[in-house]
Amino acid sequence: FAGPQPLGKVPQVLDLGAGAADPAEFVSFQNFAWFSATSPSTGRELFRSDGTLAGTALFTNLAAGSASSTPRGLAVIGNRLYFSATTATFGFEPFVSDGTVAGTFRLGDLAPSISSSFPSQFTACGAIVVFFADDVSPGFELFRTDGTILGTSIFADLEPTNGAITGAELRA
């Protein structure tokens, strides 16, 4: 083994400007690399790239101005992208996208008011998607969605005695 070999010149595919940093949460969806990144003008938001500098851009700014929506937990399930993001009004809640800005929306306010439900571990389960979230009353529980607002609800109260499940991990 000769050890690592130089790659030569690697093309730059992202320039978010001065002060930009930390692209993360990469997933492949609809022939694009989707990720969250921070830029001074938008905060941490959802970006996508076709692998070229010209084809890499902010997808949508879910939190107005330079506030951050901090998309995380990106998961491609079927023909949709699921993730959690925060807004000043609703806190961290589940979102879904069909790959268009018009088709990107919050699936619900699972933790009423400005509390956050902190959805995580979006996982395919037959024709639905299950995930953990905190709806404040019973605590962290298993939720389900069919990718619509009306089809998003608590799936099961797995810990009725103490209110919340802990240390669980969903697997496809």
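Below: a short report on this structure. Just so it is clear, the model here is predicted, and its values are computed rather than measured.

Another point: the sheet that holds strand β12 (residues 153–156). One open sheet holds the four strands; their spatial order is β9-β10-β11-β12, and the pairing between them is antiparallel. A single partner strand is all that each edge strand has here, and the edge strands are β9 (120–125) and β12. For this sheet the average axis-to-axis angle between neighbouring strands, irrespective of direction, equals 40°. As paired elements, β9 and strand β10 (residues 128–134) share four bridges and run antiparallel to each other. Paired with A124 across the two strands is V129, which belongs to β10.

Moving on to the side chain of S49. Checked against the element boundaries, S49 lands in strand β3 (residues 43–49). Setting aside its immediate chain neighbours within four residues, S49 contacts F32, A33, F35, G55 and T56.

Direction of pairing for β3 relative to strand β4 (residues 56–60): antiparallel, over a ladder of four bridges. Within the sheet, the bridge partner assigned to F47 lies in β4 and is L58. A loop of six residues connects β3 with β4, the two strands running antiparallel in sequence, and G51 in this loop sits at a positive phi of about 95°.

Here we take up the sheet that holds β3. As summarised here, the arrangement of the four strands in space is β1-β2-β3-β4, forming an open sheet in which the pairing is antiparallel. Sheet topology places β1 (21–29) and β4 at the edges, where each strand pairs with a single neighbour. Mean inter-strand twist for the sheet, computed between neighbouring axes without regard to direction, equals 35°.

Note on pairing: side chains with opposite charge can pair once their charged atoms come close. Counted according to the given criterion, the structure contains one salt bridge. One salt bridge connects R44 with D22, and the closest N-O pair in it is separated by 2.8 Å. With a gap of 22 residues between them, R44 in strand β3 and D22 in strand β1 connect regions that are remote in the sequence. Classification of R44 by relative accessible area gives buried; the value is 11%.

A word on the environment of A127. Tracing the sequence through the fold places A127 in the loop between β9 and β10. Residue class for A127 comes out exposed when judged on its relative accessible area of 80%. Residues A127 and D146 lie 19 residues apart in sequence; the distance between their C-alpha atoms is 7.2 Å.

Reading the values: rules and limits
- Residues numbered from 1 in each chain as written.
- Predicted model: local features only at pLDDT ≥ 70, side-chain atom pairs only at ≥ 80, totals over all residues.
- Heavy atoms only, no water.
- Pairing = 2+ DSSP bridges.
- Helix = DSSP H or I, 4+ residues; strand = E, 2+ residues; numbered from the N terminus.
- Axes fitted to C-alpha atoms, helices over the stretch in contact; angles between N-to-C directions.
- Contact = heavy atoms within 4.5 Å.
- Salt bridge = Lys/Arg side-chain N within 4 Å of Asp/Glu carboxyl O.
- Buried < 20%, exposed > 50% of the residue type's maximum accessible area, 1.4 Å probe, protein only.

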